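Here are the chains, one letter per residue:
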Amino acid sequence: MKHAQQRKVTDGIDEVGARRIADRPLTIVEQIVDRVGIAIVKGEYSSGQHIPEVEIAAQFGVSHGPVREALRALEGRGLVEVLPRRGAFAIEISLDTIADIFNIRAALLGLAGHHLALRKDVAIASADLAARVGELRDLAASRSVDSLLFAHAAGRAGAAIYRNCGNALLIKNLRDQNRGSLWGLIWREHTLDFLTAERRRAAAADWAAAAKAIVAGNGPKAETIVRKALFESRDSAMATLRRSRGGDVNAAKFVRD
């Protein structure tokens, strides 16, 4: 399948939306990075498996140059190993690693929720979050909503928290986690969570509860609820990956408050 038409960059689950500066067509190299990176995360390439440069070039209708550039970018992300005169080989991304990514995200985003709740102008600062929660509730009310669409909406709720938390270092860390990281790849074209109407309703309820705690100025409660939302997403994602990839996750990765 050729990809002559460029699609829009979403820069991770919580970077979707036309108002983002980064909202622009993906280059061919970025599209290849995404497609191959997602395949590695999903286990479509096993550890040490050769990544066929010729096939990828044919799929995207490009020369080998953009493919090699994409593979070098993936090497920088720790997803492939490029060996001289031999080509690129997939590096295994374990389920434990993916669970760790969710746990780190939960800790950082929970802290951002805590900071947002403590802002003196919290009513104004949380207005974007209120709108995002309303969007989530509307989507959750439909049994037929696309799960990826819901995932992006959940991401926008998370983004509304950290962008307005007032902590510059947290904002930078959470943005950096999206860009050039596994977190962004996990949500780019597919979703590992929100696959059922029940799960979507539960997630919408979590984000609504987090928003309520934030507006009330209850930082500790807001942090706990945001962490819970990410932990629930982690658990769903791990279940999805176990079905598609096989294997299991170290029980110690399922941390809870």
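Our subject is the structure listed above.
So, here's what we can say about the structure. The structure presented is a predicted model; accordingly, all values stated were derived computationally and were not measured.

### Overview of unusual backbone geometry
Stage number 1. One non-glycine residue, R85, lies in positive phi territory at about 65°.
Stage number 2. For R85, a relative accessible area of 87% translates into the label exposed.
Stage number 3. The phi angle at F194 is positive, at roughly 65°, despite the residue not being glycine.
Stage number 4. On the accessibility criterion, F194 (4% relative accessible area) is buried.

### So, the nonpolar core
Stage number 1. One finds I40, I51, L109, I161 and W207 to be the most contacted residues of the largest nonpolar core, which totals 79 residues.
Stage number 2. Each residue touching I51, except ones within four places of it in the same chain, is listed here: V36, I40, Y45, I56, L71, V80, A88, F89 and A90.

### As for the pattern of salt bridges
Stage number 1. The full count for this structure, using the stated rule, is 14 salt bridges.
Stage number 2. Among the ionic pairs, K253 bridges to D100, the shortest N-O distance being 3.0 Å. Residue K253 is found in the segment after α11 (219–245), and its partner D100 is found in helix α4 (residues 95–117); the two are separated by 153 residues along the sequence.
Stage number 3. R234 is paired through a salt bridge with D235; the nearest N and O atoms lie 2.9 Å apart.
Stage number 4. Taken together, the shared-partner salt bridges connect D128, R132, E135 and R156 into one network.

### What to know about the packing of aromatic side chains
Aromatic ring pairs: the centre-centre distance and the angle between the two ring planes describe each pair.
Stage number 1. Per the counting criterion, the structure on display carries two aromatic pairs.
Stage number 2. On the numbers, 5.1 Å between centres and 70° between planes, the contact of F102 with W183 is edge-to-face. Remark: W183 occurs in helix α9 (residues 182–187) and F102 occurs in helix α4; sequence separation between them is 81 residues. With respect to burial, F102 and W183 carry one shared label: buried.

### What about empty space enclosed by the protein?
Stage number 1. Enumeration over the complete set of coordinates arrives at three cavities of 30 Å³ or more.
Stage number 2. One number sums up the size of the second largest cavity: a volume of about 50 Å³.
Stage number 3. For the lining of the second largest cavity, the class distribution of residues is five nonpolar, one polar and one charged.

### Regarding the pairing of strand β2 (residues 80–83)
Along any regular strand the residues' side chains alternate between the sheet's two faces.
Stage number 1. Here four bridges tie β2 to strand β3 (residues 87–90), and the two strands are oriented antiparallel to one another. Within β3, the position partnered with V80 by the bridge is A90.

### With respect to the packing of α4 against helix α10 (residues 197–215)
Stage number 1. Their axes nearest at 8 Å, the elements α4 and α10 cross at an angle of 35°. Contacts between α4 and α10 involve L109, G113, L116 and A117 from the former and W207, A213 and I214 from the latter.
Stage number 2. Broken down by class, the residue content of the contact of α4 with α10 amounts to six nonpolar, one polar and no charged.

### Re the sheet that holds β2
Stage number 1. Spatially, the three strands line up as an open sheet ordered β1-β3-β2, and their pairing is antiparallel. Looking at which strands have only one partner, the edges of the open sheet turn out to be β1 (50–51) and β2.
Stage number 2. In the sheet, β1 pairs with β3 via two bridges, with the strands oriented antiparallel. The residue of β3 that forms the bridge with I51 is A88.
Stage number 3. Lying over the sheet, helix α3 (residues 64–76) contacts β1, β2 and β3, oriented at roughly 120° with respect to β2.

### Brief notes about α10
Along an α-helix, a turn takes 3.6 residues, which lines up residues three or four apart on a common side.
Stage number 1. Given a rise of 1.5 Å per residue, 19 residues ought to cover 27 Å, and the 27 Å separating the end C-alpha atoms of α10 matches this to within 8%.
Stage number 2. Inspection of α10 places A197, R199, R200, A203, A204, D206, W207, A208, A210, A211, A213 and I214 among the buried residues, and these make up the whole buried set.
Stage number 3. Elements in contact with the buried residues of α10: α4, α5 (122–125), α6 (127–140), α7 (147–163) and α11.
Stage number 4. At the C-terminal side of α10, G217 shows a positive phi close to 80°.

Basis of the calculations
Residues numbered from 1 in each chain as written. Predicted model: local features only at pLDDT ≥ 70, side-chain atom pairs only at ≥ 80, totals over all residues. Heavy atoms only, no water. Buried < 20%, exposed > 50% of the residue type's maximum accessible area, 1.4 Å probe, protein only. Core = buried A, V, L, I, M, F, W, Y, C linked by side-chain atoms within 4.5 Å. Contact = heavy atoms within 4.5 Å. Salt bridge = Lys/Arg side-chain N within 4 Å of Asp/Glu carboxyl O. Helix = DSSP H or I, 4+ residues; strand = E, 2+ residues; numbered from the N terminus. Phe/Tyr/Trp six-rings, centres within 6.5 Å; stacked < 30°, edge-to-face > 60°. 1 Å grid on protein atoms, 1.4 Å probe; cavity = no way out; pocket = protein on both sides within 12 Å on 5 of 7 lines; lining within 4 Å. Points joined across faces, edges and corners; volume = space filled by probe spheres on them. Nonpolar A, V, L, I, M, F, W, Y, C, P; charged D, E, K, R; others polar. Pairing = 2+ DSSP bridges. Axes fitted to C-alpha atoms, helices over the stretch in contact; angles between N-to-C directions. Expected span 1.5 Å × (residues − 1).

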